[in-house]
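Topology and contacts: notes
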Amino acid sequence: MNHTIRAGGVQFRVVPGDIEKNVQSAVHGIAGLADQGVKLAVLPELWACGFDNKNLAVHAEKTPDVLGTVRNEAVRHQMVIAGSLAEADDNGIYNTLYVMDADGTLAGRYRKTHLFTAMDEHRHFLSGDRWTVCDTSAGRLGLMICYDLRFPELCRTLVLNGADCVLVCAQWPAKRAEHWKVLLRARAIENQVFVIGVNSCGSGAGEILYGGHSRIVSPWGDVLAAADGEKEAAIFADLDKGEMQRFRTAIPCLAERRPDVYHIKVNS
């Protein structure tokens, strides 16, 4: 990350299965952020197709074209753009977070590790098996998707591997919105890192209501920018890497970890 960078997110209603409409919403929001000088933009989880599970294979076939649009917008606005899409390979479909750098190169991708079995994600998606921190013109970015937020081990791994900022793309239900807000701040505070959580809003597949409340959180736990729970919105804030370094110097939690005494007991 440069010393200071302006980052943002586009919160919008992801219409299940309507790639054309969703791409229009994303492009419009990205343009608005560009007008504000934003150099890193984050989109929601599965922002192009939503959880239109019965048609995921069809949507995944269109992902290369969607990524082409993202590449064009990244170059047009000289902006890093991140968001998850359906990805197909020979084994099945993944929920994959792609990061497009400002020069149009694919800087990194991350396949969602923790699938939300309570909503049958495991029946429609394959699980990823590795974490991702990618180098971009906006800094070193750690990648997470929605349910991953409930697993502090993943976020800690990203930070220990040099993430300046952790991105969380989500379609997080409104009925658990308080968990979303608390966990974003918790991951930021405990890891002394910037966290950008971008959620969708409004109704989705199966009449689920998504909770909005997209947030940009500082390493101190301050909410630097926030959207409400119902309306489409673009949020942005300036991320100062010096602030992160000052906090880590004042309260050196990461340096004073004791992994030699941490043991995970597995119940038999």
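Here, the structure is the one placed above.
What counts and how
Residues numbered from 1 in each chain as written. Predicted model: local features only at pLDDT ≥ 70, side-chain atom pairs only at ≥ 80, totals over all residues. Heavy atoms only, no water. Phe/Tyr/Trp six-rings, centres within 6.5 Å; stacked < 30°, edge-to-face > 60°. Helix = DSSP H or I, 4+ residues; strand = E, 2+ residues; numbered from the N terminus. Buried < 20%, exposed > 50% of the residue type's maximum accessible area, 1.4 Å probe, protein only. Pairing = 2+ DSSP bridges. Axes fitted to C-alpha atoms, helices over the stretch in contact; angles between N-to-C directions. Contact = heavy atoms within 4.5 Å. Parallel < 35°, antiparallel > 145°, perpendicular 65-115°, else oblique. Left-handed = near helix turned anticlockwise from the far one by under 90°. Nonpolar A, V, L, I, M, F, W, Y, C, P; charged D, E, K, R; others polar.

**Quick notes on the packing of aromatic side chains**
Inspection of every chain in the model, using the stated rule, returns five aromatic pairs. Relative to Phe 125, the ring of Phe 51 has its centre 6.0 Å away and its plane inclined at 85°; by these criteria the two rings are edge-to-face. One end of the pair, Phe 51, is in the loop between β2 (40–42) and α2 (56–77); the other, Phe 125, is in the loop between β5 (106–111) and β6 (133–136), and 74 residues separate them in sequence. The burial state of Phe 51 is the same as that of Phe 125; both residues are buried. With centroids separated by 5.1 Å and ring planes inclined at 90°, the aromatic side chains of Tyr 147 and Phe 151 adopt a geometry described as edge-to-face. Among the residues examined, Tyr 147 registers a relative accessible area of 21% and is labelled partly exposed. For Phe 151, a relative accessible area of 24% translates into the label partly exposed.

**A look at the sheet that holds strand β7 (residues 139–145)**
Read across the open sheet, the six strands follow the order β6-β7-β8-β9-β12-β13; overall the sheet is mixed. With one partner strand each, in any of the chains shown, β6 and β13 (223–226) form the two edges of the open sheet. Strand-to-strand twist in this sheet, taken as the mean axis angle between neighbours without regard to direction, amounts to 20°. Summarising the sheet, strand β9 (residues 194–199) and strand β12 (residues 215–217) pair through three bridges and their orientation is antiparallel. In the sheet register, Val 195 faces β12, and the bridge partner there is Val 217. Helix-sheet contacts for helix α3 (residues 152–160) involve β6, β7 and β8 (165–170), and the interaxial angle to β7 is about 165°.

**Section: the packing of α3 against helix α4 (residues 177–191)**
Each pair of packed helices gets described by two things: the angle between the helix axes and the distance between those axes. For the pair α3 and α4, interaxial distance at closest approach is 10 Å and the crossing angle is 40°. One element, α3, and the other, α4, form an angle in the oblique class. Where α3 crosses over α4, the handedness of that crossing is right-handed. Facing Pro 152, Cys 155, Arg 156 and Val 159 of α3, the residues of α4 in contact are Arg 187, Glu 190 and Asn 191. Broken down by class, the residue content of the contact of α3 with α4 amounts to three nonpolar, one polar and three charged.

**Thoughts on the environment of Lys 21**
Among the structural elements, Lys 21 can be located in helix α1 (residues 19–35). Exposure remark for Lys 21: the relative accessible area of 35% places this residue in the partly exposed category. With 27 residues separating them along the chain, Lys 21 and Ala 48 place their C-alpha atoms 8.3 Å apart.

**With respect to the pairing of β5**
One ladder, built from five bridges, connects strand β4 (residues 92–100) with β5; its direction is antiparallel. What sits directly across from Leu 97, in β5, is Tyr 110. What sits between β4 and β5 in their antiparallel hairpin is a turn of five residues, with Gly 104 showing a positive phi close to 90°.

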